[in-house]
Structure formats: structure tokens, C-alpha cells
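What follows is each chain in one-letter form.
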Amino acid sequence: VEDFARAARRAVALGFDAVEVMGSEGYLVNQFTAPLTNTRDDEWGGDAERRRRFPVAVAAAVREAVGADFPVLFRMSGADLVEGGTPREDVGALAVALAAAGVDALAVGIGWHESPVPTVQAQVPAGTWATYAKDVKQALRASGHGALPVVASNRYSRLAQVDEVLAAGDVDFVALARPFLADPGIVAKSRAGRPDTVDVCLACNEACIDRSFGTERVSCLVNPRSGYEAEFPLTVRERRGRYAVVGAGPAGLEAARTLARLGQEVEVLEAESEPGGQFRWAARVPGKEDFGETVRHHVRELAGLGVRLRLGHRVGHRDLAHLRGFDGVVLATGVLAHRPELPGLALPHVLDYQRAFADPEALGPRVAIIGGGGVGVDLAHLLTADPQLKRTPEAFLARHALTAGGPVARLAPRTASAAPRRVTVVRR
């Protein structure tokens, strides 16, 4: 408890504007409230009141450490989404106890990392978890603490989605994190009536959350400057040069955008009839449609920057003389599908993954996918997707047996007859 108080005092000394206690997502404070992890039978566990004693003690100690006028937020778990997690009736009681301990706002997190239910992935519809923040607000109102602000979080990529949740009046704020990595100007652009110019967060988690658990610097898949702004400032160069970018996949589009924003003249050469590279295949996977929005956004921005985009132009020897007229050439030609040395690869019913994504109808009712990495799993998802599946928060919660607030259940697999294809994924 004193460690939390000491950290808060240090934050004040360093000039921060507020502190937030991390009491969600299965970390230490949250573990005290869950019967699954708190198996004590002393003053710190054994029943609901004693299980919440630690988070309340932390909140009170932090409040005393920073003084009455310094903002203290507490991120609590609205639902742990694991068997043996914090009972739903205990969540409201914890919120009331934290309010009495003197916190200035309650941010509501969702789910442990160990949960079988996705919480921050692309397939989670926007606004799905607002219902749990609403429950916290209702508990506060019922106890006379209704003025305490409640902050919803998780899976908002557009401010229009945030406005919709706030308009319902059940929460006071919505917290965003990854969308600011994707585009630090998301608020300014949306406020100016230009939401179509925002780089939308894909909820891919590849360069942000995944890296935060390792040693790599956190960045963003759609905004690679994120985390590197000081090393690569966007300073317009006095000398205007001419640059060719070969390839209009995500890397080529980003290279062209960066060069153009630096004041350079840019031409992009792409062999296919449309830009986007492998993002085009990703955008076909249910739940990952925003990968296509990244391509559309970049193309719109390139047009505004005066970049020439030449599609259906495969660069060959005939282009060497043309390319010599540029100050530099960026090669962003992407990857080719790997074809292992297996007998039968030349048979007509054997497709590489790029053709399978482009024309899934070319595959029959029984499909074997050789390779179980991200591309293989995405292709399996595409081939077995139910076209009638509703993509609403209510439908998502129902599929995971969460509508009644009971213990979390793993998603029941569809029977073979209900799936459009039988798919087997084979990996080493």
C-alpha cells in the first residue's frame, strides 16, 4: 500500500497533472477482488468486504499522499471475464467504497489478459463494454455518489462512437489510448468537421500492446512515426526533390505520404490495378474491415498532397531511364507468397493465399490450409464466416454468454453443418 502512495507522491513531485491507480485487467489490485486469485482467509480476503479492502486501502493511501486537491483516478474492473473473477454484485460495492475513499473519478476497464473473451481486438464492436461502465454509474447513483465521474474505455476508434456513448448519459467520459497513437490529431480533425482525415486505429495491437509486453518501443502499425517523432520530425525541406516509390502497399503509401509531407515531389508506381497490397486481403476478414479504411485514407491524403499514383504499372527494364530522372527511389514491393516444395502444388485446386483471399469462391466445401500463422488463421476465419452474424455489442455479448452477467463462457463452436465450409488448418 505504501508503495502506491510513494509512487503517487513522486508523480506530484515530477509535475504530473493527475495519477491513476491501475486496479483492472488482472493486475495486483484487481487480483485481490477476485476469488480466483485471492484465496486468503484473513483481514485481506475471505469474503467480498475483505477482498476489496486492499484496493480501498490503496485509494485512501494515495489520496492522503497527494493531498485533497490533486486529482486521483482509479481504474477498476467492470468485469474480469474469467471463471472465478470478481462477482458482478461486488463491482458496484467496490465503486461505492472507492468513492468514499476519496477518488475523483472511476475509469472502468474490462477483462483479464487470461480471459477467453476478446476485449480490445478488432472483432469487438465499438461500445460493447459501455454497459459495464453504466452499471458502475448506477451503483454510484443509488448510493448517493452519482456526481462522481465514470469513464468508459476499450474499443473506440472514432469520435462519433464516443459521442454516441456520451449522448446516452450513462457515463461521463470515454478514455482513448491507441487511437492517439494512430493519429494524435484525432480530436482536432474531428472537431474541425474532418473525421474522414483521421488515421483510424485498426485495433491490430501489433506495434502497441504487443510491444508494451517486450522491450521494443511502442509505436503504431498505421502511424510508424508514433514514438519516433523526435528522431523523424516532419520538417519541410528547402530543397524540393523528386522521388519514385515502387509499390503501393501500406509501406509504399506511407513512404509516399512522408516524402510528400516533407515537401517533395512524389510518384508511386504499382503493378496491381488497385493500391493497398496485403491490407486488401486483411480488409476482407470479418472484423478487420478498417484495414481497407487505412488504404482509402492514405490514397485520399496522397491526392491532396499532389502525389501521382500510377496503377497497373509493373516496373521493368523499360522504366530504368525514367527512374534515373528521380533524386531517389524507394523500393516497397512487398512480399510474394511462399510456396513450399511439396508434391501436388501444380494441381488446379491448390491455391496460394493471395489468390484464395482474392477469390475464395474458387475453393470447394472442404479446404486444407497449410500454415497456421496469422495469415492462415485469417483465411480460415474468412472461409468459415457466417454472413448472417450480427456485429453489434448486444450480439457480441450474447455470443459470449455475458448478457445475464453470469460467469464467462467460451464461445460455443458452430456445428459442421452450420459452417459454409469444412476447414482444416495444418501447421508444423
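Above this note sits the structure.
Keep in mind that what you see is a predicted model, and the values were worked out from it rather than measured. (Residues numbered from 1 in each chain as written. Predicted model: local features only at pLDDT ≥ 70, side-chain atom pairs only at ≥ 80, totals over all residues. Heavy atoms only, no water.)

Colleague: Could you give me a rundown of the overall build of the protein, with the residues and numbers involved?
Modeller: A tally of regular secondary structure across the protein gives 17 helices and 11 strands. Expressed as lengths along the three principal axes of its C-alpha atoms, the size of the protein is roughly 80 × 60 × 40 Å. Counting all 428 residues of the protein, 42% fall into the buried class. A separation threshold of at least 6 residues defines the contact pool for the protein, and within that pool the share at least 24 residues apart is 66%. Total accessible area on the protein stands at roughly 22700 Å², and carbon and sulfur atoms take up 54% of it. Of the side-chain charges in the protein, 51 are positive and 51 negative, and the distance between the mean point of each set is 6 Å. (Helix = DSSP H or I, 4+ residues; strand = E, 2+ residues; numbered from the N terminus. Buried < 20%, exposed > 50% of the residue type's maximum accessible area, 1.4 Å probe, protein only. Contact = heavy atoms within 4.5 Å. Areas by Shrake-Rupley, 256 points an atom, 1.4 Å probe, with all protein chains shown as cover. Lys, Arg positive; Asp, Glu negative; His and termini not counted. Charge placed at Lys NZ, Arg CZ, Asp CG, Glu CD.)

Colleague: Go over the sheet that holds strand β5 (residues 173-175), please, and point to the residues and values.
Modeller: Reading across the sheet, the five strands line up as β1-β2-β3-β4-β5 and stay open at both edges, with parallel pairing between neighbours. Where the open sheet ends on each side, the last strands, each with one partner, are β1 (19-23) and β5. On average, adjacent strands in this sheet sit at an angle of 30° to one another, irrespective of strand direction. Across two bridges, strand β3 (residues 105-110) lies against strand β4 (residues 150-153) in parallel orientation. When the bridges of β4 are listed, A107 appears paired with V151. Packing against the sheet, helix α4 (residues 53-66) makes contact with β1 and β2 (72-79), and its axis sits at approximately 165° to β2. (Pairing = 2+ DSSP bridges. Axes fitted to C-alpha atoms, helices over the stretch in contact; angles between N-to-C directions.)

Colleague: Lay out the environment of F16 with the relevant residues and their values.
Modeller: By the element assignment, F16 lies in the loop between α1 (2-13) and β1. The class for F16 is exposed, based on a relative accessible area of 52%. Discounting residues that sit within four places of it in the chain, F16 has contacts with A11 and F70.

Colleague: Go over the packing of helix α11 (residues 250-261) against helix α13 (residues 290-304), please, and point to the residues and values.
Modeller: For the pair α11 and α13, interaxial distance at closest approach is 10 Å and the crossing angle is 30°. Regarding the angle of α11 to α13, the classification is roughly parallel. Where α11 crosses over α13, the two elements pack in a sense that is left-handed. Counted together, L253, E254, A256, R257 and R261 of α11 and V295, H297, H298, E301 and L302 of α13 form the full contact between these two elements. In terms of residue class, the contact of α11 with α13 is made up of four nonpolar, two polar and four charged. (Parallel < 35°, antiparallel > 145°, perpendicular 65-115°, else oblique. Left-handed = near helix turned anticlockwise from the far one by under 90°. Nonpolar A, V, L, I, M, F, W, Y, C, P; charged D, E, K, R; others polar.)

Colleague: With reference to specific residues and values, describe the pattern of salt bridges.
Modeller: Summed over all chains, the structure comprises 27 salt bridges. Close ionic contact of D41 with R50 constitutes a salt bridge, the shortest N to O distance being 3.6 Å. Residue classification places R50 among the partly exposed residues on the basis of a relative accessible area of 28%. The salt bridge partner of E289 is R391, with a shortest N-O separation of 3.4 Å. Placement of the pair is E289 in the loop between α12 (279-282) and α13 and R391 in the loop between α16 (374-384) and α17 (393-399), with a sequence separation of 102 residues. Residue R391 is classed as partly exposed on the basis of its relative accessible area of 36%. Several salt bridges share partner residues, and in doing so they unite D199, E254, R257 and E301 into one network. (Salt bridge = Lys/Arg side-chain N within 4 Å of Asp/Glu carboxyl O.)

Colleague: Please give an account of the sheet that holds strand β7 (residues 265-269) that cites residues and values.
Modeller: Strand order in this open sheet of four strands is β8-β7-β6-β9, and the pairing throughout is parallel. Each edge of the sheet is formed by a strand with only one pairing partner; in this case those strands are β8 (308-310) and β9 (328-331). Mean inter-strand twist for the sheet, computed between neighbouring axes without regard to direction, equals 20°. Bridge count between strand β6 (residues 242-246) and β7: five bridges; the pairing is parallel. Across the sheet, the residue bridging to V246 is L269, located in β7.

Colleague: Which residues make up unusual backbone geometry, and what values do they have?
Modeller: Phi angles above zero are rare outside glycine, and N154 is one such case at about 85°. Topologically, N154 is positioned in the loop between β4 and α7 (159-167).

Colleague: How would you summarise the nonpolar core if you had to cite specific residues and measurements?
Modeller: If you look at the biggest cluster of nonpolar residues, it comprises 40 residues, and the most contacted ones within it are F74, M76, L98, V103, L106, V136 and L140. Setting aside residues no more than four positions away along its own chain, V136 makes contact with M76, V91, A95, L106, V108 and V150. Among the nonpolar cores identified, the runner-up in size contains 19 residues, and V245, L253, V266 and F279 belong to it. (Core = buried A, V, L, I, M, F, W, Y, C linked by side-chain atoms within 4.5 Å.)

Colleague: Run through helix α5 (residues 88-100), naming residues and quoting values.
Modeller: Every buried residue belonging to α5 is among D90, V91, G92, L94, A95, L98 and A99, and all of these are buried. For α5, the elements touching its buried residues are α2 (28-33), α3 (48-51), α4, β2, β3 and α6 (130-142). At the C-terminal side of α5, G102 shows a positive phi close to 105°.

Colleague: Outline a nonpolar patch on the surface, listing residues and values.
Modeller: Taken together, the side chains of M22, Y27 and F213 present a nonpolar region at the surface, about 300 Å² in accessible area. For F213, a relative accessible area of 54% gives the class exposed. (Patch = residues over 30% accessible without salt bridge, like charges linked within 9 Å, V, L, I, M, F, W, Y side chains within 5 Å.)

Colleague: Can you lay out the packing of aromatic side chains for me, pointing to particular residues and giving the numbers?
Modeller: Applying the stated criterion across every chain yields a total of six aromatic pairs. Between W129 and Y132 the ring centres are 6.1 Å apart and the planes differ by 40°, which places this aromatic pair in the tilted class. Among the residues examined, W129 registers a relative accessible area of 2% and is labelled buried. Accessibility expressed as a relative area gives 4% for Y132, which makes it buried. Where W129 meets F396, the ring centres are 5.9 Å apart and the plane angle is 90°; that geometry is what we call edge-to-face. (Phe/Tyr/Trp six-rings, centres within 6.5 Å; stacked < 30°, edge-to-face > 60°.)

Colleague: Any chance you could break down the side chain of R178 for me, citing the residues and the numbers?
Modeller: Tracing the backbone through its elements, the reader meets R178 in helix α8 (residues 178-182). Of the side chains bearing the opposite charge, D210 lies closest to the buried R178, which forms no salt bridge; the N-O distance is 9.0 Å. Polar side-chain contacts of R178 include one of 2.5 Å to the side chain of N205. Among residues more than four places away in sequence, those in contact with R178 are V120, R155, C201, A203, N205, C208 and I209. (Polar contact = N/O pair within 3.5 Å; in protein donor to acceptor, adjacent residues only side chain to side chain.)

Remember, this is a structural readout, not a statement about activity or role.
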